[in-house]
Amino acid sequence: MVISFDELPGSARLWIYQASTLLSTEQQEQISNELNTFLSGWAAHGQALTAAFEILHDRFLIIAVDEVGQKATGCSIDASVHVLQNIGESMGVDFFDRTQIAFLDENEVFLAPISEVKQKIGSGRIHKETLTFNNLVVNKDDFDEKWSVKAEDSWLSRYF
């Protein structure tokens, strides 16, 4: 069952996928259509999962499941990954490149390769107040509170 992202409890488990390029309006519509179809039938051990998704900043795809009724299992999670791989392949978008770190500065999301982050801090492109995204948060409460943080409050603090 698909519900609104806002209806999810704070304990809802989530996965964040960062697109390698900005997603156009058309791509976002296609993703929404495909995810609505997939999530409507998403199940674990034959039991329907209550799920939601959100596309933010034209870059991030968040899939979440309310595990109060039924927990996601390895097979169900693999199925969601497979759907995203297929969507990405059809669009030429990589949702699985973990070597790029996303930042938000002056309402612009930009990516920086991990290998260049220190240099970008040195040049001033990334500063203490620049927001970065922690795509490893695991539930909606953490997403709401810790997904977007100042660089100085993240693992990047050692560079300041």
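Residues numbered from 1 in each chain as written. Predicted model: local features only at pLDDT ≥ 70, side-chain atom pairs only at ≥ 80, totals over all residues. Heavy atoms only, no water.

Peer 1: Would you explain helix H2 (residues 74-91) in this entry?
Peer 2: Residues three or four positions apart in an α-helix share a direction because the helix packs 3.6 residues into each turn. Across its 18 residues, H2 extends 26 Å between first and last C-alpha, which sits within 8% of the 26 Å expected from 1.5 Å per residue. For H2, every residue scored as buried is listed here: Ser76, Ile77, Ser80, Val83, Leu84, Ile87, Gly88 and Met91. One side of H2 carries all its buried residues, which in axial view fall inside an arc of 135 degrees. Of the exposed residues in H2, those oriented more than 90 degrees away from the buried face are Cys75, Asp78, Glu89 and Ser90. The elements touched by buried residues of H2 are strand E1 (13-18), helix H1 (25-40), strand E2 (43-44) and strand E5 (60-66). (Helix = DSSP H or I, 4+ residues; strand = E, 2+ residues; numbered from the N terminus. Expected span 1.5 Å × (residues − 1). Buried < 20%, exposed > 50% of the residue type's maximum accessible area, 1.4 Å probe, protein only. Arc of directions from axis to C-beta. Contact = heavy atoms within 4.5 Å.)

Peer 1: Could you clarify how one ought to interpret the sheet that holds E5 in this entry?
Peer 2: Through backbone hydrogen bonds, the strands of a sheet pair up, either in parallel or in antiparallel fashion. Read from one edge of the open sheet, three strands run E1-E5-E4, paired in antiparallel fashion. At either margin of the open sheet sits one strand with a lone partner, and together these are E1 and strand E4 (50-56). With strand direction ignored, the average angle separating the axes of adjacent strands in the sheet is 15 degrees. Two elements, E4 and E5, share seven bridges in a ladder whose sense is antiparallel. Each bridged residue has a counterpart across the sheet, and for Phe53 the counterpart in E5 is Ile63. In the packing of H2 onto the sheet, the strands contacted are E1 and E5, and the crossing angle to E1 comes to about 20 degrees. (Pairing = 2+ DSSP bridges. Axes fitted to C-alpha atoms, helices over the stretch in contact; angles between N-to-C directions.)

Peer 1: Is there a simple way to explain unusual backbone geometry in this structure?
Peer 2: Phi is mostly negative for residues that are not glycine, and the peptide bonds are mostly trans. Residue His57 is not a glycine yet carries a positive backbone phi of 55 degrees. Its location among the elements puts His57 in the loop between E4 and E5. Although it is not a glycine, Asp58 adopts a positive phi angle of roughly 55 degrees. Relative to the helices and strands, Asp58 is located in the loop between E4 and E5.

Peer 1: So what exactly am I meant to see when it comes to the nonpolar core here?
Peer 2: Across soluble globular proteins, nonpolar side chains show a tendency to be buried alongside one another. One finds Ile31, Leu35, Trp42, Leu61, Ile63, Ile87 and Phe95 to be the most contacted residues of the largest nonpolar core, which totals 25 residues. Of all the elements, H2 adds the most residues to this core, at five residues. Apart from residues lying up to four places away in sequence, Ile31 is in contact with Leu23, Ile55, Leu61, Ile87, Met91 and Phe95. Ile3, Phe5, Leu8 and Trp147 belong to the second-largest nonpolar core, a separate cluster that totals 17 residues. (Core = buried A, V, L, I, M, F, W, Y, C linked by side-chain atoms within 4.5 Å.)

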